[in-house]
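Results of the structural survey
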Amino acid sequence: LAVAWREPLFALLALYVAALGVAQLAHLGLGAQYVWHAWPAFNRLSTFVRAPLAMASGLWLARALTLPRRSSRWLDRLTLGLAWALRGSALLDVLLQQPYSRALMGWLMLAALALIGALLAAAWRRGDDRYLPHIALACLPMLLATVAPLLSMLELQPASFLTRYGTSVAALLQMPTLLYALSLRSSSQRETLARQQAMATIDPLTGLAL
């Protein structure tokens, strides 16, 4: 879709889906068992490091969807800063592999969840995108389901079915609904652009070409 429709937003969506998919493979142990089983060093790192990278990709996607510059310049800068901080925390954990480096990743990811919610709320309040409610509802399962695994990562909540499989189930709900909402939004925008371009060559009274 990014190539066919020339929509950079779908390229960001593809990056997010790929990062989230790899993070889920690492979280569920499927990657270590079937995909990168020949790299034991990567196996040890992937479970923790892939999650903040996926969260950073989600933050970039949320920024492109909500355009926080229209609400607040500082909100946009905070989004950019937190996205880079998530990447930096992943690199720091690769270098140190200490409990406090993983705790830093956990707290930054919780902050990113709150910020994504704030971005969606600010865009919804502006009311300049009629498809934003559909996008927000598509993102809601993932926002809610990610809290429990992060609290478990920070040792603030015991492990359970929700901490183990919550994000996987939420991803199954989010991906098709988010793609559908973005496809409707893109189709509407392209139709509006086509009508605007046609107005320059079609008589609005007769509908005939000028």
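Throughout what follows, the structure given in this document is the object of discussion. (Residues numbered from 1 in each chain as written. Predicted model: local features only at pLDDT ≥ 70, side-chain atom pairs only at ≥ 80, totals over all residues. Heavy atoms only, no water.)

Some remarks on a nonpolar patch on the surface
Operational definition: In this scheme, patches are assembled from residues that exceed 30% relative accessible area and form no salt bridge. Like charges are connected within 9 Å, while nonpolar side chains (Val, Leu, Ile, Met, Phe, Trp, Tyr) are connected within 5 Å. Methods summary: accessible areas were calculated by the Shrake-Rupley approach with a probe of 1.4 Å, and residue burial reflects only the protein chains presented. Any carboxyl oxygen of Asp or Glu that lies within 4 Å of a side-chain nitrogen of Lys or Arg is treated as forming a salt bridge with it. By the criteria applied, helices consist of DSSP H or I runs no shorter than four residues and strands consist of E runs no shorter than two, each listed in order from the N terminus. Throughout this description, buried means an accessible area under 20% of the type-specific maximum (1.4 Å probe, protein chains only), exposed means over 50%, and partly exposed covers the range between.
A surface patch of nonpolar side chains, amounting to about 630 Å² of accessible area, comprises L91, L92, V94, L95, L96, Y100 and L104. Looking at the nonpolar patch, the elements with two or more residues in it are helix 4 (73-96) and helix 5 (99-126). Among the elements that take part in the nonpolar patch, helix 4 stands out by supplying five residues, more than any other. Its relative accessible area of 34% is what places L96 among the partly exposed residues.

Quick notes on unusual backbone geometry
Phi angles above zero are rare outside glycine, and L67 is one such case at about 50°. Structurally, L67 can be placed in the loop between helix 3 (40-66) and helix 4. Phi angles above zero are rare outside glycine, and E155 is one such case at about 60°. Mapping E155 onto the fold places it in the loop between helix 7 (147-153) and helix 8 (161-198). The class of E155 is exposed, set by a relative accessible area of 74%.

Describing the nonpolar core
Cut-off, in case you're wondering: By nonpolar core we mean a set of buried residues, namely Ala, Val, Leu, Ile, Met, Phe, Trp, Tyr and Cys, connected to one another through side-chain atoms within 4.5 Å. It only takes one pair of heavy atoms within 4.5 Å for two residues to be counted as in contact.
L59, L86, I135, L178 and L182 are the most contacted members of the largest nonpolar core, which has 42 residues in total. Ranked by the residues each element gives to this core, the list is headed by helix 5, at 11 residues. Beyond its immediate sequence surroundings of up to four residues, L178 is in contact with L13, L61, I135, A138 and C139.

Looking at the packing of aromatic side chains
Selection rule: Ring pairs shown here join Phe, Tyr and Trp side chains whose ring centres sit within 6.5 Å, with only the six-membered ring taken for Trp; geometry is labelled stacked below 30 degrees between planes, edge-to-face above 60, and tilted in between. Either the NZ atom of lysine or the CZ atom of arginine qualifies as a charge over a ring when it sits within 6 Å of the ring centre and within 35 degrees of the ring normal.
The tally for this structure, following the rule as stated, stands at one aromatic pair. The positively charged end of R77 is found above the aromatic ring belonging to W74, 4.9 Å away from the centroid. Here the basic side chain of R87 rests over the ring of W84, its NZ or CZ set 5.3 Å away from the ring centre.

Some details on the pattern of salt bridges
Overall, the coordinates contain five salt bridges when judged by the stated rule. In this structure, R102 and D93 form a salt bridge, with 3.4 Å as the shortest nitrogen-oxygen distance. Through salt bridges with shared partners, a single network forms among R70, R126 and D128.

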